[in-house]
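These are the residues of each chain, in order.
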Amino acid sequence: MKENTWNTYTDEDLEMMDALIQGYKFFLDNGKTERECVRQMIGAAKQYGYVSMEDVIRGGHILRHGSKVYAQTKGKAVMFINIGLFPVEEGLNILGAHIDSPRLDLKQNPLYEDTELAYMDTHYYGGIKKYQWVTLPLALHGTIVKKDGSHVEINIGEDENDPVFGVTDLLVHLSAKQLDKKGAVVVEGENLDILVGSRPLKDSDTKDKVKANILKLLKEKYDIEEEDFISGEIEVVPAGKSRDFGLDRSMIMGYGQDDRVCAYTSLMAMLSVDEVMRTSVAVFVDKEEIGSVGASSMGSRFFENTIAEVLQAMGKLNNITLRRTLANSKMISSDVNAAYDPAYASVFEKNNTAYFGHGVVFNKYTGARGKAGSNDAGAEYVARIRRIMDEDKVAYQMAEMGKVDAGGGNTIAWIPAAYDMDVIDCGVPVLSMHAPWEVTSKADIYEAEKCYETFLKTKDWI
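Quick caveat: nothing in here was measured; it's all calculated off a predicted structure. (Residues numbered from 1 in each chain as written. Predicted model: local features only at pLDDT ≥ 70, side-chain atom pairs only at ≥ 80, totals over all residues. Heavy atoms only, no water.)

What follows concerns the overall build of the protein chain. Tallying secondary structure elements over the protein chain gives 10 helices and 22 strands in all. For the protein chain, the C-alpha radius of gyration of 23 Å lies close to 23 Å, the compact-globule estimate for 462 residues. Each of the 462 residues in the protein chain was classed as buried or not, and the buried ones make up 55%. The long-range fraction of contacts in the protein chain, counting pairs at least 24 apart against all pairs at least 6 apart in sequence, stands at 77%. If you sum the accessible surface of the protein chain, you get close to 21,400 Å²; carbon and sulfur atoms cover 51% of it. Separation between the mean location of the 52 positive side-chain charges and that of the 71 negative ones in the protein chain comes to 2 Å. (Helix = DSSP H or I, 4+ residues; strand = E, 2+ residues; numbered from the N terminus. Rg over C-alpha atoms; globule rule 2.2 N^0.38 Å. Buried < 20%, exposed > 50% of the residue type's maximum accessible area, 1.4 Å probe, protein only. Contact = heavy atoms within 4.5 Å. Areas by Shrake-Rupley, 256 points an atom, 1.4 Å probe, with all protein chains shown as cover. Lys, Arg positive; Asp, Glu negative; His and termini not counted. Charge placed at Lys NZ, Arg CZ, Asp CG, Glu CD.)

This brings us to a nonpolar patch on the surface. A cluster of nonpolar side chains, Leu170, Leu171 and Leu174, forms an exposed patch at the surface whose accessible area comes to about 280 Å². As for its placement among the helices and strands, Leu171 is situated in the loop between strand S8 (151-156) and strand S9 (194-197). On the basis of relative accessibility, which here comes to 41%, the residue Leu171 falls in the partly exposed class. (Patch = residues over 30% accessible without salt bridge, like charges linked within 9 Å, V, L, I, M, F, W, Y side chains within 5 Å. Salt bridge = Lys/Arg side-chain N within 4 Å of Asp/Glu carboxyl O.)

For the bond from Asp258 to Asp259, the omega torsion is 15°, close enough to zero to count as cis. Within the fold, Asp259 resides in helix H5 (residues 257-272). At Lys393, a position not held by glycine, the phi torsion is positive, near 55°. Mapping Lys393 onto the fold places it in the loop between helix H8 (379-391) and strand S18 (396-398).

What follows covers empty space enclosed by the protein. The final tally for this structure, using the stated rule, is 2 cavities of 30 Å³ or more. Roughly 50 Å³ of volume is contained in the largest cavity. As for the largest cavity, its lining consists of Thr33, Glu34, Arg35, Gly142, Thr143, Glu233 and Glu235. Residue assignment for the lining of the largest cavity shows that the elements contributing at least two residues are helix H2 (34-46), strand S7 (138-145) and strand S10 (232-238). Looking at the lining of the largest cavity residue by residue, the class counts come to no nonpolar, 3 polar and 4 charged. Size it by volume and the second largest cavity reaches roughly 30 Å³. Lining of the second largest cavity is provided by Ile81, Val88, Leu92, Thr279, Val281, Ile307, Val310, Leu311 and Thr325. Looking at the lining of the second largest cavity, the element that brings in the most residues is helix H6 (residues 302-313), giving 3 residues. Here the lining of the second largest cavity is composed, by residue class, of 7 nonpolar, 2 polar and no charged. (1 Å grid on protein atoms, 1.4 Å probe; cavity = no way out; pocket = protein on both sides within 12 Å on 5 of 7 lines; lining within 4 Å. Points joined across faces, edges and corners; volume = space filled by probe spheres on them. Nonpolar A, V, L, I, M, F, W, Y, C, P; charged D, E, K, R; others polar.)

Spatial strand order, S1-S2-S3-S13-S4-S14-S20-S16-S18: 9 strands in an open sheet with mixed pairing. At either end of the open sheet lies a strand with only one pairing partner, and these are strand S1 (51-52) and S18. When strand S4 (residues 93-98) meets strand S14 (residues 330-334), the two strands line up parallel, connected through 4 bridges. Along S14, the bridge assignment pairs Leu95 with Ile332. (Pairing = 2+ DSSP bridges.)

Under the definition given, this model contains 29 salt bridges. Residues Arg58 and Glu54 are paired through a salt bridge, measuring 3.7 Å at the closest nitrogen-oxygen approach. Note that Arg58 and Glu54 are positioned in helix H3 (residues 53-59) at a spacing of 4 residues, about one turn of the helix. Judged by its relative accessible area of 62%, Arg58 is exposed. Salt bridges sharing common partners tie together Lys25, Asp244, Arg249 and Lys442.

What follows concerns the packing of aromatic side chains. In total, this model carries 14 aromatic pairs according to the counting rule given. With 5.5 Å between their ring centres and 20° between their planes, Tyr112 and Tyr119 make a pair best called stacked. Ring pairs connect the aromatic residues Tyr50, Tyr70, Phe80 and Phe284, which therefore count as one cluster. Above the plane of the ring of Tyr365 lies Lys371, whose end atom (NZ or CZ) is 3.9 Å from the centre. (Phe/Tyr/Trp six-rings, centres within 6.5 Å; stacked < 30°, edge-to-face > 60°. Lys NZ or Arg CZ within 6 Å of the ring centre and 35° of its normal.)

Direction vectors running N to C along H6 and helix H7 (residues 319-327) enclose 120°, while the axes themselves pass 10 Å from each other. The hand of the H6/H7 crossing is right-handed. Note on element contacts: H7 touches H6 through Thr321, Leu322, Thr325 and Leu326, opposite Phe303, Glu304, Ile307, Ala308 and Leu311. Here the residues of the contact of H6 with H7 are counted per class, giving 6 nonpolar, 2 polar and 1 charged. (Axes fitted to C-alpha atoms, helices over the stretch in contact; angles between N-to-C directions. Left-handed = near helix turned anticlockwise from the far one by under 90°.)

Structural data, given as structure tokens:
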């Protein structure tokens, strides 16, 4: 096991770490949905001189060395491109992370009343342990698009004066049968409905008076009708801010750190590296937690189309140049990994696991069972990664996600690898991954940002 990185830090390191962590906590607290993350990222990038690719196209501008542009799709995925000195067909240095996280989503017809209690029906998103989502203070974040095309932004539960919501649980005094169930079905997915009200609307002739009162409140505050939920994307997430974790404040507890911890550090690296030799790219996508499907995911054409638009604006677009650019590229799939937890030691193999405070973690492969669904980076690429990290004194470790056949998981790495580019997974170790509140080490976050900067600055991949 390598040395704990906390033992190596100077006062200057600790100051830089603190600045990074403060920004990261703000990002987490204000980016609990994909749309919120994209808005924050674009706002930050504009301060560093990034301009919209749409403006470049409309204005007929030419991209050249030093140009910085961004493109977004559906409000839920975004890319940043910094044009380097070398010919673009020699390849790109690409960071890729996802900004969606496990949660509950409101159904399209969510609101109902039962025995004078008003509920909103949900459908869980991504891999969760359903029993972890009961008796928590929850908030509503999202967007409703009305028939006239206007957007209504919803954010209820974060301000200290806001109400919160929650999924109720059965009292222990009556839960004998419930406690005999397997963990996967202690709480059924269809029972993850949030309680939103109990006060009836006075002097109402309607049957469901509590539901009517909720609709009245929504109409007064947001000017929305019940049918407007049909075209809404409302996410139910843990209410509250991220916090320092531990008496020594060495860790962070917060919602959505998978994978916003890698998204934030990738963004900071992208903005910090001004002059690059190889064109650098940071892409942040949606839908990874459900298999990278859909128009805002890595599985869509958004990434490829944007690179094509960049080549067009450089006067270099043709089919073979696009193919060469992508095939010659190098990528880090910036995604988290499981941190070793001594409370559950039986699922980890100590020689091939990630430890808190030991730096960013590289995964040659992920997948499940016989590496199913894995990218499995080539040995030559791994060797070059080792060399550049050692040269820049980045603390890193190599790991797998648990013991063989203990489970497994996938990232976006296999999708860009289809272009014949080298891709490797690299991110921050996480405790309690996919729980409503996840835990990370500040030291590992700091090393991740350093790692991504080193990667973006690399000009020689031989």
